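Chain by chain, the residues run as shown.
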Amino acid sequence: MKIVIINGPNLNMLGIREPDKYGSGTYDELVEKIRNHCMQNKIQAEFYQSNHEGDLVDRIQQAYYDKADGIVINPGAYTHTSIALLDALKSVSIPTAEVHISDVARREDFRQVSYIRQACCLTVSGKGFDGYIEAVDYLTKMISGRENENKNK
Ligand code: DQA
């Protein structure tokens, strides 16, 4: 089971940026938390963060060639603007979960649109770093359920 965890712009600034909204944990601490959880559950986790839209598109496409089983993505502000990320996720059709650390539903109007949501099987919002763990668990359950279904056919 291989899951790619992709973070978009300004998520490298976790711990520094708006701690009232995103908490005091750093990006490295986020990676460590997810990595430990994945190790305990025998999930292969790969991490990627970029501030650049095209690089995020490239990483999503790479997940296809690497035969990743699932994607967890927090596209940061590109959530609300990027058709390119939506198209990339649709292109690879890998089960994907959308994560937001803050509760976007309770924030500004311009954050109420998510272009990528229609390519995602789950959205987790407002649960801090734990949201990523919930997303990993949801995907792994879903994917292993599918594998078992196929075995029984
Ligand atoms: C975010 C919410 C976005 O609106 C914002 O632009 C981010 C982070 C979150 O994790 O809560 O950069 O995706």
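Reference entry: report on the structure contained in this document. The model shown is predicted, which means the values in this text are computed figures rather than measured ones. (Residues numbered from 1 in each chain as written. Predicted model: local features only at pLDDT ≥ 70, side-chain atom pairs only at ≥ 80, totals over all residues. Heavy atoms only, no water.)

1. Structural notes on the nonpolar core
Where we set the bar: We call a set of buried residues a nonpolar core when its members are Ala, Val, Leu, Ile, Met, Phe, Trp, Tyr or Cys and they connect through side-chain atoms within 4.5 Å of each other. We call a residue buried when its accessible area falls under 20% of the maximum for its residue type, exposed when it is over 50%, and partly exposed in between, using a 1.4 Å probe and counting protein chains only. Numbering of helices and strands starts at the N terminus; helices are DSSP runs of H or I of at least 4 residues and strands are runs of E of at least 2. Every residue pair with non-hydrogen atoms within 4.5 Å of one another is taken to be in contact.
In terms of nonpolar packing, the biggest core is built from 26 residues, with I5, I34, V72 and Y132 touching the most fellow members. Those elements that place two or more of their residues in this core are β1 (2–7), α2 (27–40), β2 (44–49), β4 (96–100), β5 (122–125) and α5 (130–151). When residues of this core are assigned to their parent elements, the largest contribution, six residues, is made by α5. If we skip the residues at most four places from it in the chain, Y132 touches I5, N7, L30, I34, V72, N74, V99 and I101.

2. Concerning the sheet that holds β5
Strands pair in a sheet through their backbones, by hydrogen bonds, and they do so in one of two ways: parallel or antiparallel. For the record, the criterion: By definition, two strands form a pair when at least two bridges between them are found by DSSP. Lines are fitted to the C-alpha atoms to define the axes, a helix being fitted only along its stretch in contact, and any angle between axes, read from their N-to-C directions, falls within 0 to 180 degrees.
Spatial strand order, β2-β1-β3-β4-β5: five strands in an open sheet with parallel pairing. Of all strands in the sheet, those bounded by a partner on one side alone are β2 and β5. Averaged over all pairs of adjacent strands, the angle between strand axes in this sheet comes to 15 degrees, irrespective of strand direction. Where β1 meets strand β3 (residues 70–74), five bridges bridge the pair, whose relative direction is parallel. Residue I3 lies in a different strand from β3, and its bridge partner there is G70. The strands touched by helix α3 (residues 53–65) within the sheet are β1, β2 and β3, with β1 carrying the most contacts at an inclination of about 175 degrees. Against the sheet, α5 contacts β1, β3, β4 and β5, and its axis sits at roughly 160 degrees relative to β3.

3. A look at the pattern of salt bridges
In plain terms, the rule: Here, a salt bridge means any Lys or Arg side-chain nitrogen found within 4 Å of an Asp or Glu carboxyl oxygen.
In total, this model carries nine salt bridges according to the counting rule given. Where K33 meets D130, a salt bridge forms, and the shortest distance between an N and an O atom there is 2.8 Å. Here K33 is found in helix α2, whereas its partner D130 is found in helix α5, with 97 residues between them in sequence. Notably, a salt bridge pairs E108 with R107, separated by 3.8 Å at the nearest N-O pair. Judged by relative accessible area, which is 16%, R107 ranks as buried. Here the salt bridges share partners, and the residues they tie into one network are E18, D20 and K21.

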